[in-house]
Amino acid sequence: MDPLPPITQPFPTQPLDPPPPPGKDPQRPRRRWLRAAVVPAVVGAGAAIGVIAASGNLGGGSTTTVVRQTVATDATPPPTPATPAPSTSGSGSASPSFPSGVGATESVQAIVKNASPGVVLVRSSDGLGTGFLIDGQGHLLTNAHVVGKDSTVSVTFADQTQEQAKVLDADETTDLAVLDVQSTPSSAKALPLGSSGSLVVGDPVVAIGNPLGYERTATTGIVSALQRNICSPDSSVISNAIQTDAAINQGNSGGPLLDGRGRVVGINSQIASQSGGNVGIGFAIPMDTIRPIVQSILNTGSAHHAWIGIQGSELTPATATALGHPGLTGVALTRVDARGPAKSAGLKGASDAGASVPRGADVIVAIDGRTVRSFADVSEAVSSHSVGDTLKVTVQRGAKRLSVALRLADRPSNLQGTCQ
């Protein structure tokens, strides 16, 4: 199997009203949707709200809902114009462009024109979402929650060609599914895959998908934040998610988040919302996390998740000083799993895992030469590699600094389901 180009639970359904036609007051259906946003649901008649993943108190009596964006497929989605033209969030410019000085090299119009032929509408028994072509062999990516438990799904290309796609694997731990179609139309082309590791807050991005069934809708925004944690369908933590204010709604799930050069840097997956609709807080699974999972599925038929077997806490100035290393940054190992590569390599956890100062703990200060300041840095380094890869981990042990080689193992299945 050729390597990828360089890059970086089924839910119950409940039919509700479709969105209003253009020109109608959108407030009434939105109020109805809000009443349904307290239970897991895929809402109805071809175009409406998606699956609620989790909710939590924001303070002051306010509650937010994280929504996985699948649209029900029990009715025909909105009609596609005879000569569709992708929409953007530009403000009337004939060829809207990203601001200068932020690394963008293409106009929004060019990015959408180039990427749209590779974006597909995905229909499963659980609902409607988005996917995109990643190579010339007919492999597509989407979210696991889009395909649910189906072994085959229907995909519709930009020229309205419909094909049945085999689900090679749907990995709920990373909310990723890899699809395979036997043939693709000549107009379809694979999207270039980029790296999420080089993103910085403020970078421009474009999202393309099928929100509420409106096919190949494009919206623009920026990277609002990095290293967010979101919950997967099996309640595992997906670390390092990209937060964006590009408009994302139900039906966008599984679609590409593109950088200013038109490369896929993430897969749009969830939104945080009180109403169930877009409020400018969307989350994409980063491409550097996705790539090794995709490669594993293509090579072996199933997903494998890199793991080193540690628990840790980020050093604060106070704990660094208490450990005798003022100014040191890194992650102190509070616990080392006896089954993991960290234990095999001789790394040590704290003498008292529950103590406020992790005395006796090795402190990870760098991985493969890159400085570690947070546990998200450790997670990013591990998740962007494949099982069997080797990482060079630099640790502070008392007064000594040493490097150890860790060969990444496959994460035990009983470690899933840790998301709160």
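Scroll up to find the structure this text is about.
Conventions and cut-offs
Just so you know, the residues in each chain are numbered from 1, in the order the chain's sequence is written. Side-chain atom pairs in this predicted model are given and counted only at pLDDT of 80 or more, local residue features only at pLDDT of at least 70, and totals for whole chains, interfaces and linings cover all residues. Side-chain calculation: all heavy atoms of the structure are included, whereas hydrogens and water are not. Numbering of helices and strands runs from the N terminus; a helix is a DSSP stretch of H or I covering at least four residues, while a strand is a stretch of E covering at least two. N or O atoms closer than or at 3.5 Å make up a polar contact, with two conditions inside protein: a donor-capable atom paired with an acceptor-capable one, and, for residues adjacent in sequence, both atoms drawn from side chains. By definition in these notes, contact holds between two residues if any of their heavy atoms fall within 4.5 Å. With a 1.4 Å probe rolled over the protein chains alone, any residue whose accessible area is under 20% of its type maximum counts as buried; one over 50% counts as exposed, and the rest are partly exposed. For this document, the term salt bridge refers to a Lys or Arg side-chain nitrogen within 4 Å of an Asp or Glu carboxyl oxygen. The distinction between a cavity and a pocket rests on a 1 Å grid over the protein atoms alone: a 1.4 Å probe fits inside a cavity but cannot get out, while a pocket stays open yet meets protein on both sides within 12 Å along at least five of seven lines, and a residue with an atom within 4 Å of a point counts as lining. Grid points are joined across faces, edges and corners, and a volume is the space filled by probe spheres set on the points. We call two strands paired when DSSP finds no fewer than two bridges between them. Whenever a helix is involved, its axis is fitted only over the stretch in contact; in every case the axis is a line through C-alpha atoms, and angles between N-to-C directions fall within 0 to 180 degrees. For this scheme, ten residues count as nonpolar: Ala, Val, Leu, Ile, Met, Phe, Trp, Tyr, Cys and Pro. Four count as charged, namely Asp, Glu, Lys and Arg, and the remainder, Gly too, count as polar.

*Asks:* I tried to follow the side chain of Asp337 on my own but got confused; where do I start?
*Replies:* Position of Asp337 among the secondary structure elements: in the loop between β17 (331-336) and α6 (341-344). Of the polar contacts made by the side chain of Asp337, one reaches the backbone nitrogen of Arg339; its length is 2.9 Å. Apart from the residues within four sequence positions on either side, Asp337 is in contact with Trp307, Gly309 and Lys343.

*Asks:* Got a minute to help me understand the environment of Val223 in this structure?
*Replies:* Checked against the element boundaries, Val223 lands in strand β10 (residues 217-231). The exposure class of Val223 is buried, given its relative accessible area of 0%. Other than its neighbours up to four places away in sequence, Val223 contacts Leu199, Val200, Val201, Gly202, Asp203, Val205, Ile242 and Gln243.

*Asks:* Help me understand the pattern of salt bridges, please; the structure alone is not making it clear to me.
*Replies:* Side chains that differ in charge, positive against negative, can pair when their charged atoms come close. As enumerated under the stated definition, the model contains 5 salt bridges in all. A salt bridge links Glu172 to Lys149; its shortest N-O distance comes to 3.8 Å. Note that Glu172 is positioned in the loop between β7 (162-171) and β8 (176-181) and Lys149 in the loop between α3 (144-147) and β6 (152-156), a separation of 23 residues in sequence. Look at Lys149 and you get exposed, because its relative accessible area is 60%. Arg216 is the salt-bridge partner of Glu215, the closest N and O atoms lying 2.6 Å from each other. Overall, the relative accessible area of 18% leaves Glu215 in the buried class.

*Asks:* I would appreciate a short explanation of empty space enclosed by the protein in the present structure.
*Replies:* One way to see where empty space is left: roll a probe the size of a water molecule over the atoms. Considered as a void within the structure, the largest cavity measures approximately 30 Å³ in volume. Ser196, Asn240, Pro286, Asp288, Thr289, Glu380, Ser383 and Ser384 together form the lining of the largest cavity. Elements with a minimum of two residues in the lining of the largest cavity: α4 (287-300) and α7 (375-383).

*Asks:* What am I meant to see in the sheet that holds strand β4 (residues 128-133) here?
*Replies:* Strands belonging to one sheet form pairs held by backbone hydrogen bonds; the direction of such a pair is parallel or antiparallel. With antiparallel pairing, 6 strands are arranged side by side around a closed barrel as β3-β4-β5-β8-β7-β6. Averaged over all neighbouring strand pairs, the angle between strand axes comes to 40°, with direction disregarded. Bridge analysis of β4 against strand β5 (residues 139-142) gives 2 bridges, and the strand direction is antiparallel. Bridge pairing in β5 places Leu133 opposite Leu140. Those strands touched by α4 are β5, β7 and β8, and its axis lies near 50° from that of β8.

*Asks:* Would you take a moment to explain the environment of Gly266 for this structure?
*Replies:* Positionally, Gly266 belongs in strand β13 (residues 264-273). Expressed as a C-alpha distance, the spacing of Gly266 and Gly194, which sit 72 residues apart in the sequence, is 8.6 Å. In contact with Gly266, other than residues within four places in its own chain, are Ile242, Gly255, Pro256, Leu257, Ala284, Ile285, Pro286 and Met287.

*Asks:* How should the side chain of Gln396 be read in this particular structure?
*Replies:* The topology assignment puts Gln396 in strand β20 (residues 390-397). Within the structure, the side chain of Gln396 is placed 3.2 Å from the backbone oxygen of Gly398, a separation counted as a polar contact. Look past the residues within four positions of Gln396 in its chain and what remains in contact with it is His325, Leu328, Ala361, Asp362, Val363, Val365 and Arg401.

*Asks:* Looking at this model, I keep getting lost on the pairing of β17. Mind explaining?
*Replies:* Within a regular strand, the side chains alternate between the two sheet faces. Of all the 6 residues making up β17, 5 are buried; the element is thus mostly covered by neighbouring parts of the structure. Bridge count for strand β16 (residues 310-314) against β17 is 5 bridges, and the pairing is antiparallel. Looking at the pairing, Ser313 lines up with Ala332 of β17. In terms of strand pairing, β17 meets strand β18 (residues 363-367) through 2 bridges, oriented antiparallel. Of the residues in β18, the one forming a bridge with Val331 is Ile364.

*Asks:* What should I look at first to understand the layout of surface pockets in this one?
*Replies:* Of the volumes computed, that of the largest pocket is approximately 960 Å³. If you list the elements that add at least two residues to the lining of the largest pocket, you get β11 (237-244), α4, β15 (306-307), β16, β17 and α7. With 6 residues, the single largest contributor to the lining of the largest pocket is α7. Its residues assigned to classes, the lining of the largest pocket comprises 13 nonpolar, 16 polar and 4 charged.

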